[in-house]
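Observations on the three-dimensional arrangement
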Amino acid sequence: MVKRNLVCGMDIGTSHVRAIIGEINGDGSINIIGVGTSPSEGLKKGVIVDLDKTVTSIKRAAEEAERMVGTAIPSVFLGIVGSQVGLVNNRGVVAVSGADKEITEDDVERVLQAARVIALPPDREIIDVLPREYIVDGYDGIRDPVGMVGVRLEVDAMIITGMVTSIRNLVRCVERSELEIDGMVLNSLANAEIALSRDEKELGSVLIDIGGGTTEVAVFQNGHIKNIAVIPVGGDYITNDIAVGLRTTIQMAEKLKLEHGVALATLVPENVTAELPQLSGKDVRKVTIRELGMIIEPRLVEMIHLAAKELDKMGYRDPLPAGIVLTGGVSLTRGIAELCEEVFRAPVRVAQPGYVGVKSPIYSTAVGIIHYVQNAHMFVARDQRGGRKALPGFLQRVKAWIMDMFD
Ligand SMILES: Nc1ncnc2c1ncn2[C@@H]1O[C@H](COP(=O)(O)OP(=O)(O)OP(=O)(O)O)[C@@H](O)[C@H]1O
Ligand SMILES: [Mg+2]
C-alpha cells in the first residue's frame, strides 16, 4: 500500500479546538479529508488556564477528524499565538581577557552572556541566543573568533524568547491527549497561507485574525512577516455586551449574535426583529436587529481601533498598499468589512480557505498550518526524524520548533 502523507493541523483557540487532516499529494496539492471541531473550555485570551478541560477538547476534535479519515493520527502540527514567542536582536561586548590577547572559548562564552542582557517581561524567558556574527576590533563577519587576536570582542546575536510556562502547558495538553507534536507554526503565518496572495505579502498588507478571545494583527511586506501584535479582545466581548445589554444568558446572546448579528446598525431596516427567550424561559421577547447592531458596532469599532493603535506603534500609521484582510470567526459578522473600511480608510476583505467543508474563516488557522507545513517542507523533516527517538529536553524541542518557524 502506498503510504499516505497525512498532516494534521491543530488550532487550539479560545472558543474552539480545530483539528484538520490534510493529505499531501505527490504534486504538492492538498486535499482536506478530516475536520474535527470541539468547543474549547480551558483557554482564556488564547492562553491555557485549565489543562484537563483543554485535553478533553483536543481529544474530541482529534477523534472527530480521525473518524472522517478512518485512521488514527499519531501527531500534529500546532498553531501558536504570536505573543508567545519572539526574536530580539542584541549586541554583546567584552574586553578580551588573556594577557596575549588571544580570544578563547571563555571570551566567547562571556560575550554571549553579555548579549543575553535584555529587559524581558516577567513571563518571558530566553530560550536561546544565536550568534549571527562576531566582531573583533571592528572587523565584522567573523563566524568563529576563537584563536584570533584582538582587544575588543563583540557579538551580533539573535535572542529567542518565549512564554515558556504557557508553551509548556500547551505541549503538556497535547501530549496528554496522546498526540505527538511534529512542530509549531505561528498562527499569523498559517493564516497568511490562506488569506494573502503572494502580491499582497510582497506589496504590504495587514492580516487581522479576530477570534473568540484574541485579535492577532500581523504586517507583511517584501514577502515576509514584519511584525505581530496580539490584543486580548475578541468575539467573546461582543457576546458579553449583548448578554448584558439585552439582559439574557451568554448562550442566548451568542446564538442571537451568530444568527442575526450585524457590524453596522444601519445595515438593517429599523423594523426587523428577532425573538429572544426571556431569562425565565417562559416568554419570548422581540428585539430589533438594529438594537443588536447598536451593541455590536461600538465594541467592534473599539477592537478595530485597538488594532489600528498597534499598527501605529509598529510604525504603520498609513494604510499599506494591499490593504487589510480579515479572518477568524468574528470576520463572519455581516458588514464587518464595511465597518473596517470606514475606520482604516483602506480596502478590506474577508478571507477563508477554499476547500469544500472548511469554507469559513474559522478554519483559516488550522488549514493554513497544513499549507505552511507543505510549503516549508516541514513534514519532510518530520519523516526524516522517523519514529520516536529519545526525546530531547523540553527547551531543546521548543527551540527546534521555533527555529523551524523562523527559517
Ligand atoms: N457568524 C458569526 N458572526 C459573528 N461572530 C461569529 C460568527 N461565527 C463565529 N463568530 C465568533 O467568532 C469567535 C470565534 O472565532 P474563532 O473560532 O476564530 O476563535 P478561536 O480561534 O477559537 O479563538 P482565539 O483565536 O481568540 O483563541 C466567537 O466569538 C464567535 O462568537
Ligand atoms: Mg484563532
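Since we're looking at a predicted model, the values are computed, not measured. (Residues numbered from 1 in each chain as written. Chains lettered and ligands numbered in written order. Predicted model: local features only at pLDDT ≥ 70, side-chain atom pairs only at ≥ 80, totals over all residues.)

1. Things to note about the sheet that holds strand S17 (residues 324–327)
In spatial order, the strands read S14-S13-S12-S17-S18; together these five strands make up an open sheet with mixed pairing. Because the sheet does not close on itself, it has two edges, and the strands there are strand S14 (224–231) and strand S18 (348–350). Put simply, the sheet's adjacent strands are angled 20 degrees from each other on average, direction ignored. The pairing of strand S13 (residues 215–221) with S14 spans seven bridges and is antiparallel. Counterpart to Phe220 in the pairing with S14 is Ile225. (Pairing = 2+ DSSP bridges. Helix = DSSP H or I, 4+ residues; strand = E, 2+ residues; numbered from the N terminus. Axes fitted to C-alpha atoms, helices over the stretch in contact; angles between N-to-C directions.)

2. Comments concerning the nonpolar core
Of all hydrophobic cores here, the largest spans 91 residues; its most connected members are Ala19, Ile20 and Phe77. For this core, the leading source of residues is helix H8 (residues 289–314), giving ten residues. Excluding residues within four positions of it along the chain, Ala19 makes contact with Cys8, Met10, Gly36, Ala61, Ala62, Ala65, Val76 and Ala366. One finds Val96, Ile103, Leu153 and Ala157 within the second-largest nonpolar core, a separate group that totals nine residues. (Core = buried A, V, L, I, M, F, W, Y, C linked by C-beta atoms within 7 Å. Buried ≥ 20, exposed ≤ 12 C-beta atoms within 10 Å, placed from the backbone. Contact = placed C-beta atoms within 7 Å.)

3. Observations concerning the domain arrangement of the protein
Many descriptions give the size of an interface as the accessible area lost when the pieces come together. What the domain assignment reports for the protein is domain 1 (6–82 + 165–192 + 357–406), domain 2 (84–163) and domain 3 (197–350). Its C-alpha centre places domain 2 at a distance of 44 Å from the equivalent point of domain 3. (Domains from an automatic or database assignment.)

4. A few points about the packing of helix H6 (residues 235–245) against helix H7 (residues 250–260)
Remark: H6 packs on H7, axes separated minimally by 8 Å, with the N-to-C direction vectors making an angle of 110 degrees. Between H6 and H7, the interaxial angle falls into the category roughly perpendicular. Relative to H7, H6 is oriented so that their crossing is right-handed. Between H6, through Ile238, Thr239, Ile242 and Ala243, and H7, the contact on the second element is made entirely by Ile250, Ala253, Glu254, Leu256 and Lys257. In terms of residue class, the contact of H6 with H7 is made up of six nonpolar, one polar and two charged. (Parallel < 35°, antiparallel > 145°, perpendicular 65-115°, else oblique. Left-handed = near helix turned anticlockwise from the far one by under 90°. Nonpolar A, V, L, I, M, F, W, Y, C, P; charged D, E, K, R; others polar.)

5. Looking at the site of ligand 1
As a matter of local geometry, ligand 1 sits amid 25 residues, with Gly13, Thr14, Gly211, Gly235 and Gly329 nearest to it. Elements represented by at least two residues in the shell around ligand 1 include exactly H6 and H7. Residue-level mapping places the shell around ligand 1 at the junction of two domains, with at least three residues from each of domain 1 (6–82 + 165–192 + 357–406) and domain 3 (197–350). (Near = placed C-beta within 6 Å.)

6. Comments concerning the packing of helix H1 (residues 51–69) against helix H3 (residues 164–176)
Between two packed helices, both the angle of their axes relative to each other and the distance between the axes serve to describe the pair. The contact between H1 and H3 brings their axes to 9 Å, and the two run at 50 degrees. Our classification of the angle between H1 and H3 gives oblique. Crossing of H1 against H3: the hand is right-handed. Judged by residue contacts, Leu51, Thr54, Val55 and Ile58 of H1 engage Asn169, Arg172, Cys173, Val174 and Arg176 from H3. Counted by class, the contact of H1 with H3 contains five nonpolar, two polar and two charged residues.

7. Examining helix H10 (residues 364–375)
Spacing of three or four residues puts side chains on the same side of an α-helix, whose turn is 3.6 residues. Relative to the 16 Å expected for twelve residues at 1.5 Å per residue, H10 spans 16 Å between its end C-alpha atoms, a close match to the ideal helical length. Here H10 lies mainly inside the structure; eleven of its twelve residues are buried. The first or second residue beyond H10 is His377, which carries a positive phi of 55 degrees. (Expected span 1.5 Å × (residues − 1).)

8. Observations regarding the sheet that holds strand S9 (residues 139–142)
Taken in spatial order, the four strands line up as S7-S10-S8-S9 in an open sheet, and their pairing is antiparallel. Unpaired on one side and paired on the other, strand S7 (85–95) and S9 mark the two borders of the sheet. Within the sheet, the average angular offset between the axes of one strand and its neighbour, ignoring direction, is 35 degrees. Alignment of strand S8 (residues 125–136) against strand S10 (residues 152–162), held across ten bridges, turns out to be antiparallel. Its bridge partner being in S10, Pro131 is matched across the sheet by Ala157. Strands S7, S8 and S10 of the sheet are contacted by helix H2 (residues 105–115), whose axis makes an angle of about 130 degrees with S7.

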